[in-house]
Amino acid sequence: MSDIMLGKKILLGVSGGIAAYKMPLLVRLFVKAGAEVQVIMTARTKQFVTPDTLAVLSKRPVLTDVFGAFAQPSHWAEHIRLGEWADMFLVAPATANTLAKLAHGFGDDMLSIVYLALRPNKPRLVFPAMDGEMFTAASVQRNIEQLVQDGCTVIPPEHGDLASGLVGVGRLPEPETIFAHAVKALAGSTDALDEDEQKYRGKHIVVTAGATREKIDPVRFISNYSSGKMGFALAEAAAQLGATVTLITGKTPLATPPTVARINIESAEEMLRAAESEFARADMFIAAAAVADYRPVEVQSEKLKKSDSEFSLRLIKNPDILAAFGAQKKPHQVAIGFALETHNGIENAKEKLLKKNLDMIVLNSANEAGAGFDVETNIITIITRDGFAEKFPLMHKRNAAKTILKKAAAFLSAIAS
Ligand code: CTP
């Protein structure tokens, strides 16, 4: 599970544009992921979002006024303390006015002086958002260029409906996308999401994870060693790329990744029902669950008592959830499966890919050290319909998830607007 946000100290500078209304949701994402957030507003931001809302969600008073903060002697060096404290400074939305101040070294409000006081090696992420033709104005572009030269990561606004009623470039990305950029910046990468990664923004990704439990009687069940780690890592990675993720999972102690909608199930039949309700809106269905192939024909209502020295249990085949998705999928929908094999891995996996009508299958070799169930790492081979197979070295499941999503992006339709 990614814990990159855990304990991280985020300065969130909110300047006065309409897109500030999205910031309470962003603060919630950070807090849910275990980060501490200090919100700093400009004076005009109050017109768009209330300091109280942001204070309650961030669990800290919102800072606006330099002199308010300096009212007590113990706060005289508040801006310096915050500059030292922060692991990252994120400005969203950054209005044309705030961009100009940051680019030119102004320090006339709390946001701009804390920006100046930030330690030089800390990531600075700036999300400009503005209406009409403002974003393309020569002065705004010049200021952005300056900020980039100063080492800031400036994430350009998106194209779409603007508050004025115009349509154009200027929209602040959704909180999930901003969060994904923040995660990436904290992970040490300062480049923006690449083209493949951007394709996940706004897409609906459904992931199955973990082991199913097939009831024998009130105290016993058939299951397997699957931990759910691979599925949870995929759900988390997709959410970090701005996707809307539904995670359908068997019982596991793993924590739900931020922003992921989790559906807990027990048996294969319950997993199928939950999955079917998501089929129509799924842009991508990733079956990482270890579904029990069979279940007892009858579930005993009372605990089975031992009697004979031998005992046999009649089993019946479970529905194949991934095959059900593959059979009904529309051309724009992507189906990805896993295959855990002990021998003839590539051939068996290719056969499953065709039989279940998949776009891609991820082969795990059950015989290799560090791969398979209940470990943090995995060795994966990605196989596509054209028969191409690419084997990757041993890696953490979190990185395996990113690798899988990067490859799978090829099957997703173009970037959502
Ligand atoms: N799968 C599924 N529902 C099932 C069985 C499997 O959704 N009832 C999915 C798994 O999540 C995995 C893929 O299908 O993505 C392959 O599962 P696997 O158990 O390896 O293959 P099977 O098709 O069940 O074949 P076998 O057990 O014979 O290897």
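Residues numbered from 1 in each chain as written. Predicted model: local features only at pLDDT ≥ 70, side-chain atom pairs only at ≥ 80, totals over all residues. Heavy atoms only, no water.

### Let's talk about helix α7 (residues 138-149)
A rise of 1.5 Å per residue sets the reference length of α7, with its 12 residues, at 16 Å; its end C-alpha atoms lie 16 Å apart and thus fit the reference within 8%. Buried residues of α7: Val-140, Asn-143, Ile-144 and Leu-147, and no others. Projected down its long axis, α7 carries its buried residues within an arc of 100°, all on one side. Relative to its buried face, α7 has exposed residues pointing more than 90 degrees away, namely Ala-138, Arg-142, Glu-145 and Gln-149. (Helix = DSSP H or I, 4+ residues; strand = E, 2+ residues; numbered from the N terminus. Expected span 1.5 Å × (residues − 1). Buried < 20%, exposed > 50% of the residue type's maximum accessible area, 1.4 Å probe, protein only. Arc of directions from axis to C-beta.)

### Concerning the domain arrangement of the protein chain
Interface extent is often summarised as the accessible area lost during association of the parts. Partitioning the protein chain into domains gives domain 1 (9-192) and domain 2 (204-293 + 315-416). Between the C-alpha centres of domain 1 and domain 2 there is a distance of 37 Å. Buried surface at the junction of domain 1 and domain 2, both sides included, amounts to about 530 Å², of which 74% is carbon and sulfur. Area buried by domain 1 at its contact with domain 2 is led by Glu-176, Phe-179 and Ala-180, which between them contribute 51% of it. Our count for the domain 1 to domain 2 interface comes out at 0 salt bridges. For the interface between domain 1 and domain 2, the tally reads 0 residue pairs in polar contact (both at pLDDT 80 or more). Broken down by element, the side of domain 1 that touches domain 2 gets its largest block of residues, 5 residues, from helix α8 (residues 175-186). The residue makeup of the side of domain 1 that touches domain 2, split by class, is 5 nonpolar, 1 polar and 1 charged. (Domains from an automatic or database assignment. Buried area = accessible area lost by both parts, 1.4 Å probe. Salt bridge = Lys/Arg side-chain N within 4 Å of Asp/Glu carboxyl O. Polar contact = N/O pair within 3.5 Å; in protein donor to acceptor, adjacent residues only side chain to side chain. Nonpolar A, V, L, I, M, F, W, Y, C, P; charged D, E, K, R; others polar.)

### Re the side chain of Ser-227
Its location among the elements puts Ser-227 in the loop between β10 (220-222) and α10 (229-240). Its relative accessible area of 14% is what places Ser-227 among the buried residues. In this view, Ser-227 contacts Thr-252, Leu-254 and Asp-374; residues no more than four positions away in its chain are not counted. (Contact = heavy atoms within 4.5 Å.)

### Quick notes on the site of the ligand
Close to the ligand lie 14 residues, the nearest being Ala-287, Ala-289, Pro-319, Phe-338 and Lys-356. At 2.7 Å, a backbone N or O of Ala-289 approaches an oxygen atom of the ligand. When the ligand is considered free in solution it has 570 Å² of accessible area, and contact with the protein chains removes 77% of it. Put simply, the parts of the chain that give the shell around the ligand at least two residues each are α12 (321-328) and β16 (334-341). Ranked by residues supplied to the shell around the ligand, first place goes to β16 with 4 residues. Its residues placed into classes, the shell around the ligand shows 9 nonpolar, 1 polar and 4 charged. (Near = heavy atom within 4 Å. Areas by Shrake-Rupley, 256 points an atom, 1.4 Å probe, with all protein chains shown as cover.)

### Re the pairing of strand β3 (residues 88-94)
Taking burial as the measure, the 7 residues of β3 include 7 buried ones, the bulk of the element. As defined by bridge partners, β3 adjoins strand β4 (residues 124-128) across 4 bridges and the pair is classed as parallel. Opposite Val-91, over in β4, you have Val-126 as the bridge partner. (Pairing = 2+ DSSP bridges.)

### Some remarks on the packing of helix α11 (residues 268-279) against α12
Contact geometry for α11 and α12: axes closest at 9 Å, N-to-C directions at 25°. With respect to α12, the element α11 is oriented roughly parallel. Between α11 and α12 lies a crossing whose hand is right-handed. When α11 is examined against α12, the residues Ala-268, Met-271, Leu-272, Ala-275 and Phe-279 are found in contact with a partner set consisting of Ile-321, Ala-324, Phe-325 and Gln-328. Grouping the amino acids of the contact of α11 with α12 by side-chain chemistry returns 8 nonpolar, 1 polar and no charged. (Axes fitted to C-alpha atoms, helices over the stretch in contact; angles between N-to-C directions. Parallel < 35°, antiparallel > 145°, perpendicular 65-115°, else oblique. Left-handed = near helix turned anticlockwise from the far one by under 90°.)

### A short note on unusual backbone geometry
The peptide bond linking Ala-92 to Pro-93 adopts the cis configuration, its omega dihedral lying at -15°. Turning to its location among the elements, Pro-93 is positioned in strand β3. A positive phi is found at Lys-59, a non-glycine position, where the angle reads about 60°. Located in the positive-phi region is Asn-344, a residue other than glycine, with phi close to 45°. Within the secondary structure, Asn-344 sits in the loop between β16 and α13 (345-355). Asn-344 sits in the partly exposed class, given a relative accessible area of 47%.

### Considering the sheet that holds strand β11 (residues 244-249)
Strand pairing in a sheet takes place through backbone hydrogen bonds and is either antiparallel or parallel in direction. Reading across from one edge, β12-β11-β8-β13-β16-β17-β19-β20 is the order of the 8 strands in this open sheet, with mixed pairing throughout. Here the strands that pair on one side only, and so sit at the sheet edges, are β12 (261-264) and β20 (389-391). Across the sheet, the axes of successive neighbouring strands diverge by a mean angle of 15°, strand direction being ignored. Taken together, the 4 bridges between strand β13 (residues 284-287) and β16 define a ladder with parallel strand orientation. Among the inter-strand pairings, Met-284 is bridged to a residue of β16, identified as Val-334. With respect to the sheet, α11 is in contact with β8 (204-209), β11, β12 and β13, its orientation differing from that of β11 by roughly 165°.

### Quick word on the pattern of salt bridges
The tally for this structure, following the rule as stated, stands at 19 salt bridges. A salt bridge links Arg-81 to Glu-78; the nearest nitrogen and oxygen atoms lie 3.1 Å apart. In this pair, Arg-81 and Glu-78 both sit in helix α4 (residues 78-85), 3 residues apart, roughly one turn of the helix. By relative accessible area, which is 41% here, Arg-81 ends up partly exposed.

### Topic: the nonpolar core
Grouped together as the largest cluster of nonpolar side chains are 37 residues, with contacts concentrated most on Tyr-200, Ile-205, Leu-234, Val-245, Met-284, Ile-286 and Ile-404. Taken together, the elements giving at least two residues each to this core come down to β8, α10, β11, β13, β16, β17 (360-365), β19 (380-384) and α14 (397-408). Excluding its chain neighbours within four sequence positions, the residues that come into contact with Ile-286 are Ile-205, Val-206, Val-207, Thr-208, Leu-234, Ile-336, Phe-338 and Leu-405. Ile-10, Met-41, Ala-55 and Ile-178 belong to the second largest nonpolar core, which has 34 residues in total. (Core = buried A, V, L, I, M, F, W, Y, C linked by side-chain atoms within 4.5 Å.)

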